[in-house]
Amino acid sequence: MNDPTRPLLEACDVSKSVRGPEGRLDILSGVALRIMAGESFAIVGASGSGKTTLLGLLAGLDTPDAGEITLDGHALQRLDEEARADLRRSLVGFVFQSFHLLPALTAEENVMLPLELEGSSDARNRAREALAAVGLSPRRRHYPAQLSGGEQQRVAIARAFVHGPRVLFADEPTGNLDQRTGHHICDLLFALNR
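Residues numbered from 1 in each chain as written. Predicted model: local features only at pLDDT ≥ 70, side-chain atom pairs only at ≥ 80, totals over all residues. Heavy atoms only, no water.

Caption draft 1: Looking closely at the packing of aromatic side chains. The tally for this structure, following the rule as stated, stands at two aromatic pairs. Grouped by ring-pair contacts, the aromatic residues F94, F96 and F169 constitute a single cluster. (Phe/Tyr/Trp six-rings, centres within 6.5 Å; stacked < 30°, edge-to-face > 60°.)

Caption draft 2: Highlighting the packing of helix α3 (residues 107-117) against helix α4 (residues 123-133). Closest axis-to-axis distance for the α3/α4 pair is 8 Å, and the angle between their directions is 125°. By the angle between their axes, α3 is oblique relative to α4. Where α3 crosses over α4, the handedness of that crossing is right-handed. In contact with A107, E108, V111, M112, L115 and E116 of α3, α4 contributes A123, R124, R126, A127, R128, A130 and L131. Its residues placed into classes, the contact of α3 with α4 shows eight nonpolar, no polar and five charged. (Axes fitted to C-alpha atoms, helices over the stretch in contact; angles between N-to-C directions. Helix = DSSP H or I, 4+ residues; strand = E, 2+ residues; numbered from the N terminus. Parallel < 35°, antiparallel > 145°, perpendicular 65-115°, else oblique. Left-handed = near helix turned anticlockwise from the far one by under 90°. Contact = heavy atoms within 4.5 Å. Nonpolar A, V, L, I, M, F, W, Y, C, P; charged D, E, K, R; others polar.)

Caption draft 3: A look at the environment of L105. Checked against the element boundaries, L105 lands in the loop between β5 (92-95) and α3. Residues in contact with L105, not counting those within four places in the same chain, are N110, Y143 and P144.

Caption draft 4: The pairing of strand β6 (residues 167-170), seen in detail. Residue alternation in β6 divides its side chains into a buried set, V167 and F169, and an unburied set, L168 and A170. Relative to β6, β5 runs parallel, the two sharing four bridges. By the bridge assignment for β6, V92 is matched with V167. (Buried < 20%, exposed > 50% of the residue type's maximum accessible area, 1.4 Å probe, protein only. Pairing = 2+ DSSP bridges.)

Caption draft 5: Local environment of the side chain of S15. One can find S15 in strand β1 (residues 9-20). On the basis of relative accessible area, S15 is assigned to the buried category, the value being 18%. Side-chain polar atoms of S15 contact the backbone nitrogen of G30, separated by 3.1 Å. Residues contacting S15, with those up to four places away along its chain left out, are L28, S29, G30, P64, D65 and A66. (Polar contact = N/O pair within 3.5 Å; in protein donor to acceptor, adjacent residues only side chain to side chain.)

Caption draft 6: Region of interest: the pattern of salt bridges. In total, this model carries 16 salt bridges according to the counting rule given. With its nearest N and O atoms 2.7 Å apart, the salt bridge here joins R166 to D72. Placement of the pair is R166 in the loop between α5 (149-161) and β6 and D72 in the loop between β3 (66-71) and β4 (74-75), with a sequence separation of 94 residues. Residue classification places R166 among the partly exposed residues on the basis of a relative accessible area of 32%. Ionic pairing is found between R84 and E81, a salt bridge with its closest N-O pair at 2.6 Å. (Salt bridge = Lys/Arg side-chain N within 4 Å of Asp/Glu carboxyl O.)

Caption draft 7: Spotlight on unusual backbone geometry. At F99, a residue that is not glycine, the phi angle is positive and equals roughly 70°. Within the secondary structure, F99 sits in the loop between β5 and α3. At H100, a residue that is not glycine, the phi angle is positive and equals roughly 55°. Tracing the backbone shows H100 in the loop between β5 and α3.

Caption draft 8: Structural context of the pairing of β3. With five bridges connecting them, β1 and β3 associate as antiparallel partners. Within β3, the residue paired with L9 across the bridge is L71. The pairing of β3 with β4 spans two bridges and is antiparallel. When the sheet's bridge partners are listed, T70 is paired in β4 with A75. Between β3 and the antiparallel strand that follows it, β4, lie two residues; D72 among them carries a positive phi value of about 50°.

Right under this line is the structure:
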């Protein structure tokens, strides 16, 4: 489905609301965007403005109340959860703001996980290469609780790009990193996009 004239990701009139103690809260209303393959796109705004919610919708982790999201030609709201999960597994990498590392797995095993889900025969070597790219080779056998917040974030970043996704979503990917490491990670992520 790699048609270079078709957007890789498109959102048309997307809205999302939740029910709170004071009634309905509109998080997103009428969002529209179009991203072509090879483009980088930043969603910026104040804390609580719906950036994380929008990323989750675009990645198919949640469904909008209204509007349409198309990822590589697939209308996400027309897919059930299993089909969206299959699509994410093959097309998407996601760096979560809170990392979502599995505490019983080492850094290396956390990075291997998406590769093992796709049946990769060289998962361990690819995970080691990804950890080396984010500067964590010496910490590959450490568990998340033995890593600093910045190190956990770099493991999450390595896990997101290790399987070569067509789309990489990153929710504040450098929030726990020092400036030098943050610049290195940004350069790495932009290089992966080429």
